[in-house]
Amino acid sequence: MENASPDALRNVQLDHRQVRVLAHPLRMRLLGTLRLDGPATATALAEKLDTNTGATSYHLRQLAEAGLVAEDPDRGTGRQRWWRAAHDISSFDPTDYDDDPDTRAAVQWIQGEQVRQIVELAERWMADAPGHPPQWRDAAGTSDMVLTLSPARLEALNGELWQVLQRYHDEAAAHAEPDARSVHVFLMAFPRAEGKR
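The rules behind each value
Residues numbered from 1 in each chain as written. Predicted model: local features only at pLDDT ≥ 70, side-chain atom pairs only at ≥ 80, totals over all residues. Heavy atoms only, no water. Helix = DSSP H or I, 4+ residues; strand = E, 2+ residues; numbered from the N terminus. Patch = residues over 30% accessible without salt bridge, like charges linked within 9 Å, V, L, I, M, F, W, Y side chains within 5 Å. Areas by Shrake-Rupley, 256 points an atom, 1.4 Å probe, with all protein chains shown as cover. Salt bridge = Lys/Arg side-chain N within 4 Å of Asp/Glu carboxyl O. Buried < 20%, exposed > 50% of the residue type's maximum accessible area, 1.4 Å probe, protein only. Pairing = 2+ DSSP bridges. Phe/Tyr/Trp six-rings, centres within 6.5 Å; stacked < 30°, edge-to-face > 60°. Lys NZ or Arg CZ within 6 Å of the ring centre and 35° of its normal.

Visitor: I tried to follow unusual backbone geometry on my own but got confused; where do I start?
Guide: Generally, phi is negative for residues other than glycine and the peptide bonds are trans, each holding for most cases. The backbone of Asp50 sits at a positive phi, close to 55°, despite the residue not being glycine. Within the fold, Asp50 resides in the loop between helix 3 (42–49) and helix 4 (53–65).

Visitor: How should I be thinking about a nonpolar patch on the surface in this particular structure?
Guide: A contiguous nonpolar surface patch, about 380 Å² in accessible area, is contributed by Val115, Val119, Met188 and Phe190. Checked against the element boundaries, Val119 lands in helix 5 (residues 101–128).

Visitor: Just checking my understanding: could you explain the pairing of strand 4 (residues 82–85) for this structure?
Guide: In regular strands, side chains alternate between the two faces of the sheet. Only one face of strand 4 is buried, namely the one carrying Trp83 and Ala85, since none of Trp82 and Arg84 on the opposite face is buried. Across two bridges, the pairing between strand 2 (residues 40–41) and strand 4 is antiparallel. Note that in strand 4 the partner of Ala40 across the bridge is Trp83. Pairing analysis gives three bridges linking strand 3 (residues 69–71) to strand 4, with the strands arranged antiparallel. Bridge pairing links Glu71 to Trp83 in strand 4.

Visitor: Got a minute to help me understand the packing of aromatic side chains in this structure?
Guide: The relative placement of two aromatic rings is captured by the distance of their centres and the angle of their planes. Taken as a whole, this structure holds one aromatic pair when the rule is applied. A cation sits over an aromatic face here: Arg181 above Trp136, 4.9 Å from the ring centre.

Written as structure tokens, this is what we have:
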């Protein structure tokens, strides 16, 4: 990518095999943790995710074989292996897998798991919100709007919203305010089920 900032997000368009490998609860959690918290050992990840080191090591190797994580040789010492996410974002177009029932099922599982994670994170925030300062409670929020769009316009809307998110990501270092925190931003848009609210 020309003129990319050093903080530009690294994106991978998932192939069939990567989708199938990622369609596993621990693997999704491992990849997400490495992306959010940075490089770690299998032992540290097992402690953080409340699992055992053997399972963590096995699933890290599966993710590595698919090119989703990589060893971080600059951090490793002796037998201790450090792992890092190979990309910041995983993308896919569900229709890319229409010819492969197994990958299509994996995509459906991944999307369902993403929705479950969004719900869990939102519920956790709502339960904890009263303990946060007023400015955070006022700044955080949820909203929705129903629009009438064609598939092309919906794709354009998602693209524009993604550009806004990318800009805020790229500007984060330049605007490092003392009260800045990591913030979850979710982007979902899908056709309304007819006859339903």
